[in-house]
Amino acid sequence: QVQLVESGGGLVQPGGSLRLSCAASGSIFRSNVMAWYRQAPGKGRELVAGITSIGSTNYEDSVKGRFTISRDNGKNTVYLQMNSLKPEDTAVYYCNVKQYGLDYWGQGTQVTVSS
């Protein structure tokens, strides 16, 4: 089993920054993909950014150049640095780990961008 605990969400003004963290514990294998998804009210869950165990990354188009995903394999932790935040970034952000055909999810953390 894998447990994921997210932190770092909150309320921020447009143009501000937040850093999300997700600590994984349990049966963690190095050859996994860690990612952040988000779900805005009334919308489906979408991939924001993902990172492989060797550091290859991919981003949803609307966050390219503003968000940066990174990971610390020694701490089994994935981060999402979010800069130049916009109101449309408001959503619940979920941490995800994919390994050996299984998906694991965190409980979600609310990010609200508003003046």
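So, how was this worked out
- Every chain is numbered on its own, with residues counted from 1 as its sequence reads.
- Residues qualify for local features only when their pLDDT is at least 70, as the model is predicted, and side-chain atom pairs are given and counted only at 80 or more; totals for whole chains, interfaces and linings, by contrast, use all residues.
- With hydrogens and water set aside, each side-chain value is computed from the structure's full complement of heavy atoms.
- What counts as a helix is a DSSP run of H or I of at least four residues, what counts as a strand is a run of E of at least two, and both are numbered from the N terminus.
- Atoms considered for the radius of gyration are the C-alpha atoms alone. The globule rule reads 2.2 Å times the number of residues to the power 0.38.
- Only protein atoms enter the 1 Å grid used here. Points where a 1.4 Å probe fits but cannot escape make up a cavity, open sets with protein on both sides within 12 Å along at least five of seven lines make up a pocket, and a residue lines them when an atom lies within 4 Å of a point.
- Grid points are joined across faces, edges and corners, and a volume is the space filled by probe spheres set on the points.
- Gly is put with the polar residues, along with every residue not named as nonpolar or charged; the nonpolar set is Ala, Val, Leu, Ile, Met, Phe, Trp, Tyr, Cys and Pro, and the charged set is Asp, Glu, Lys and Arg.
- Between any two strands, at least two bridges found by DSSP are needed for them to pair.
- All axes here are fitted lines through C-alpha atoms, helices being fitted over the stretch that makes contact, and every angle between N-to-C directions spans 0 to 180 degrees.
- Note on terminology: a nonpolar core comprises buried Ala, Val, Leu, Ile, Met, Phe, Trp, Tyr and Cys residues joined through side-chain atoms within 4.5 Å.
- Relative accessibility decides the category of a residue: with a 1.4 Å probe and only protein chains considered, values under 20% of the type maximum give buried, values over 50% give exposed, and everything between is partly exposed.
- Contacts are assigned to residue pairs with any non-hydrogen atoms lying within 4.5 Å of each other.
- Disulfide: a pair of cysteine sulfur atoms within 2.5 Å of each other.

1. Looking at the overall build of the protein
Inference 1: Each helix and strand in the protein was counted, giving zero helices and eleven strands.
Inference 2: Seen in sequence order, the protein has helices and strands lined up from the N terminus as β-β-β-β-β-β-β-β-β-β-β.
Inference 3: The C-alpha atoms of the protein give a radius of gyration of 13 Å, which matches the 13 Å a tight globule of 115 residues would have.
Inference 4: For the C-alpha atoms alone, the extent of the protein along its principal axes is close to 40 × 25 × 20 Å.

2. Some remarks on empty space enclosed by the protein
Inference 1: Scanning the model with the defined rule gives one cavity of 30 Å³ or more in all.
Inference 2: Ile 28, Phe 29, Arg 30, Asn 32, Met 34, Arg 71, Asn 73 and Asn 76 are the residues that line the largest cavity.
Inference 3: In terms of residue class, the lining of the largest cavity is built from three nonpolar, three polar and two charged.

3. So, the pairing of strand E3 (residues 18-26)
Note on strand geometry: in a regular strand, side chains alternate between the two faces of the sheet.
Inference 1: Sheet topology note: the strand E1 (residues 2-7)/E3 ladder contains six bridges and is antiparallel. Each residue of the ladder has a partner; that of Gln 3, found in E3, is Ser 25.
Inference 2: As defined by bridge partners, E3 adjoins strand E8 (residues 77-82) across six bridges and the pair is classed as antiparallel. From the neighbouring strand, Ala 23 faces E8, where its bridge partner is Thr 77.

4. A few points about unusual backbone geometry
Inference 1: Despite not being glycine, Asn 76 has its phi angle at roughly 50 degrees, a positive value.
Inference 2: The topology assignment puts Asn 76 in the loop between strand E7 (67-72) and E8.

5. Some remarks on the sheet that holds E3
Inference 1: A sheet is described by the order of its strands in space; here four strands give the open sequence E1-E3-E8-E7, paired in antiparallel fashion. Bordering the open sheet on either side are E1 and E7, each of which pairs with just one other strand. The mean angle between the axes of side-by-side strands here comes to 15 degrees, regardless of whether they run parallel or antiparallel.

6. Description of the pairing of strand E10 (residues 102-105)
Inference 1: Looking at chain direction, strand E9 (residues 91-99) and E10 are connected through four bridges and run antiparallel. Paired with Lys 98 across the bridge in E10 is Asp 103.
Inference 2: A loop of two residues connects E9 with E10, the two strands running antiparallel in sequence, and Tyr 100 in this loop sits at a positive phi of about 50 degrees.

7. A few points about the nonpolar core
The nonpolar side chains of a soluble globular protein tend to be buried, and buried together.
Inference 1: Formed by 27 residues in total, the largest nonpolar core has its most connected members in Trp 36, Leu 80, Met 82 and Tyr 93.
Inference 2: Only E1, E3, strand E4 (33-39), strand E5 (46-52), E7, E8, E9 and strand E11 (109-113) provide two or more residues apiece to this core.
Inference 3: Sequence-distant contacts of Tyr 93, that is, excluding residues within four places in its chain, are made with Glu 6, Leu 20, Trp 36, Tyr 37, Arg 38, Val 48, Phe 67, Leu 80, Met 82, Gly 108, Thr 109 and Val 111.

8. Description of the state of the cysteines
Inference 1: One pass over the full model with this rule turns up one disulfide.
Inference 2: Note on cysteine connectivity: Cys 22 is disulfide-linked to Cys 95, with sulfurs 2.1 Å apart. Across the disulfide from Cys 22 to Cys 95, rotation about the S-S bond amounts to roughly -80 degrees, and the bridge is consequently left-handed. Taken together, the residues Cys 22 in strand E3 and Cys 95 in strand E9 connect sequence positions 73 residues apart. Per residue, the accessibility class of Cys 22 equals that of Cys 95, and both read buried.

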